[in-house]
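These are the residues of each chain, in order.
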Protein chains: 2
Amino acid sequence: MNDELGMQIAYEEAVKSYEEGGIPIGAALISAEGVVLGRGHNERIQKDNPILHAETSALINAGRVDAKVYKTATMYSTLASCFMCSGACILYGINRVVMGENRTVQGGEELLISKGIELINLNDEKCYQLMQKFIKEKPHEWHQAHPEEFEG
Amino acid sequence: MNDELGMQIAYEEAVKSYEEGGIPIGAALISAEGVVLGRGHNERIQKDNPILHAETSALINAGRVDAKVYKTATMYSTLASCFMCSGACILYGINRVVMGENRTVQGGEELLISKGIELINLNDEKCYQLMQKFIKEKPHEWHQAHPEEFEG
Ligand SMILES: [Ca+2]
Ligand SMILES: [Ca+2]
Ligand SMILES: [Zn+2]
Ligand SMILES: [Zn+2]
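Residues numbered from 1 in each chain as written. Chains lettered and ligands numbered in written order. Predicted model: local features only at pLDDT ≥ 70, side-chain atom pairs only at ≥ 80, totals over all residues. Heavy atoms only, no water.

The tally for this structure, following the rule as stated, stands at two aromatic pairs over all chains. With centroids separated by 4.9 Å and ring planes inclined at 35°, the aromatic side chains of B:Tyr70 and B:Tyr92 adopt a geometry described as tilted. Pair noted here: B:Tyr70 is in helix H4 (residues 67–70) and B:Tyr92 is in the loop between helix H5 (83–91) and strand E4 (96–99), with a separation of 22 residues, a long-range link. What makes B:Tyr92 buried here is its relative accessible area of 1%. Sitting over the ring of A:Tyr128, A:Arg103 keeps its end group 3.7 Å from the ring centre. (Phe/Tyr/Trp six-rings, centres within 6.5 Å; stacked < 30°, edge-to-face > 60°. Helix = DSSP H or I, 4+ residues; strand = E, 2+ residues; numbered from the N terminus. Buried < 20%, exposed > 50% of the residue type's maximum accessible area, 1.4 Å probe, protein only. Lys NZ or Arg CZ within 6 Å of the ring centre and 35° of its normal.)

Given below as structure tokens:
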């Protein structure tokens, strides 16, 4: 699967979250063979849960995954992964992380790179515009979601 | 609250997980005033969920917490926090992290320190012995739980 197709799935999840009134960040965990192992979106607002980020939701949705599969999988996320989600990718030994953008906010980029994870930034304009729209509409929700860092 | 009392709550959670057949790691998020904001234990096995570690469970159980409260709170965990949970503490700007032990396995200690989070290791023998007992009984579960790093 090419990275634009992977990001399209993550973006669809971001739109789903936006339509639910949530923070529009989406993610997809995709195997080297192009199988979508898991997909999900930020559900902080929807489920009042501070750790349901896009990436962690995709990991939950993927369920039990063999260590060998994680090691060749790519995590797509519409926004740069925060420290928690970057740490989750490190914990499970995920091979690559592809982000839609990090103009809105930066996250654990340096940490991922320091752990040898390949990191790609697609600088995707539609991912960026969707976040900007949300932040303009719900600045307080956005602020609460990233007291120290940000909502990834 | 002194750190031994905070760790006692985390340890009670670890024992609860052990009794449920789960990985015996517990955590508690406690405010500067000694209020237990949230407590929880690893539920990877119980709920077949790869991101329900002790610390993330405690954060979920705490629910919406004001940024100012996080900033003066301490996260107690019976085992060194993995990269995901260390990242969650960074994300929410938690003030201090107190671990029961890191003889069983190390985690995001350097990352926490690099972010200015105060880190204490109690070298608690009962936390260590409970983990060793579990690993001896269920080595495969333990191995699956930390393909790259470990279960914190
Ligand atoms: Ca958040
Ligand atoms: Ca784990
Ligand atoms: Zn995140
Ligand atoms: Zn952890």
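Residue and element names in this part refer to chain B. Taken together, the protein ligands of the zinc ion (ligand 4) are His-53 (ND1), Cys-82 (SG) and Cys-85 (SG), with distances of 2.0 to 2.4 Å. Between the donor residues of the zinc ion (ligand 4), the gaps in sequence give the motif H-x28-C-x2-C. Residue His-53 is found in the loop between helix H2 (44–47) and helix H3 (54–62), and its partner Cys-82 is found in the loop between strand E3 (74–77) and H5; the two are separated by 29 residues along the sequence. This pair shows no difference in class: His-53 is buried, exactly as Cys-82 is. (Donors = N, O, S within 2.8 Å, 3.2 Å for Na, K, Ca; no water.)

Moving on: the coordination of the zinc ion (ligand 3). Residues and elements named next belong to chain A. Each protein donor to the zinc ion (ligand 3) is listed here as His-53 (ND1), Cys-82 (SG) and Cys-85 (SG); together their distances run 2.0 to 2.3 Å. Of note, the zinc ion (ligand 3) draws all its donor residues from one chain, in the sequence arrangement H-x28-C-x2-C. A residue is classified by how much of its surface remains accessible, and Cys-82, at 0% relative accessible area, is buried. Judged by its relative accessible area of 0%, Cys-85 falls in the buried class.

As a further point, take the sheet that holds strand E5 (residues 118–121) of chain A. Residues and elements named next belong to chain A. Spatial strand order, E2-E1-E3-E4-E5: five strands in an open sheet with mixed pairing. On the outer flanks of this sheet lie strand E2 (36–41) and E5, each paired with one strand and no other. For this sheet, the mean angle separating the axes of adjacent strands, direction not counted, is 15°. Of the strand pairs in this sheet, strand E3 (residues 74–77) and strand E4 (residues 96–99) are connected by four bridges, and their pairing is parallel. (Pairing = 2+ DSSP bridges. Axes fitted to C-alpha atoms, helices over the stretch in contact; angles between N-to-C directions.)

Listed by partner, the interface residues are 32 residues for chain A and 32 residues for chain B. Both sides of the chain A and chain B interface together cover about 2,900 Å² of buried area, and 63% of this is carbon and sulfur. Looking at the side of chain A facing chain B, the largest losses of area belong to A:Arg64, A:Leu91 and A:Tyr92, adding up to 25% of the total buried there. Run the count over chain A and chain B and you get eight residue pairs in polar contact (both at pLDDT 80 or more). Breaking the side of chain A that touches chain B down by element, the ones donating at least two residues are helix H2 (44–47), helix H3 (54–62), helix H4 (67–70), helix H5 (83–91) and helix H8 (139–145) of chain A. Per-element tally for the side of chain A that touches chain B: the top contributor is H5(A), with six residues. Class assignment for the residues of the side of chain A that touches chain B results in 18 nonpolar, six polar and eight charged. (Contact = heavy atoms within 4.5 Å. Buried area = accessible area lost by both parts, 1.4 Å probe. Polar contact = N/O pair within 3.5 Å; in protein donor to acceptor, adjacent residues only side chain to side chain. Nonpolar A, V, L, I, M, F, W, Y, C, P; charged D, E, K, R; others polar.)

Helical periodicity: at 3.6 residues per turn, an α-helix aligns residues three or four positions apart in one direction. Residues and elements named next belong to chain A. In terms of burial, H3 is a largely internal element, seven of the nine residues being buried. In this structure, the buried residues of H3 make contact with strand E1 (26–30), E2, H4, E3 and H5. Within two residues after H3, Gly-63 carries a phi angle of roughly 70°, on the positive side.

For these two chains of identical sequence, chain A goes onto chain B by a turn of 180° and a shift of 0.0 Å along the axis, with RMSD 0.0 Å. What we have between these two chains is a two-fold relation. Minimal C-alpha separation from the rotation axis in chain A is found for A:Met84, amounting to 2.3 Å. Interface residue correspondence from chain A to chain B reaches 100%, placing this contact among same-surface, isologous pairings. (Least-squares fit on C-alpha atoms with pLDDT ≥ 70 in both.)

Residues and elements named next belong to chain A. Mapped onto the elements of the fold, Leu-29 is located in strand E1. Residue class for Leu-29 comes out buried when judged on its relative accessible area of 0%. Taking C-alpha positions, Leu-29 is 9.3 Å from Val-97, a pair spaced 68 residues apart along the chain. If we skip the residues at most four places from it in the chain, Leu-29 touches Val-35, Val-36, Leu-37, Gly-38, Ala-58, Leu-59, Ala-62, Tyr-70, Ala-73, Thr-74, Met-75 and Ile-94.

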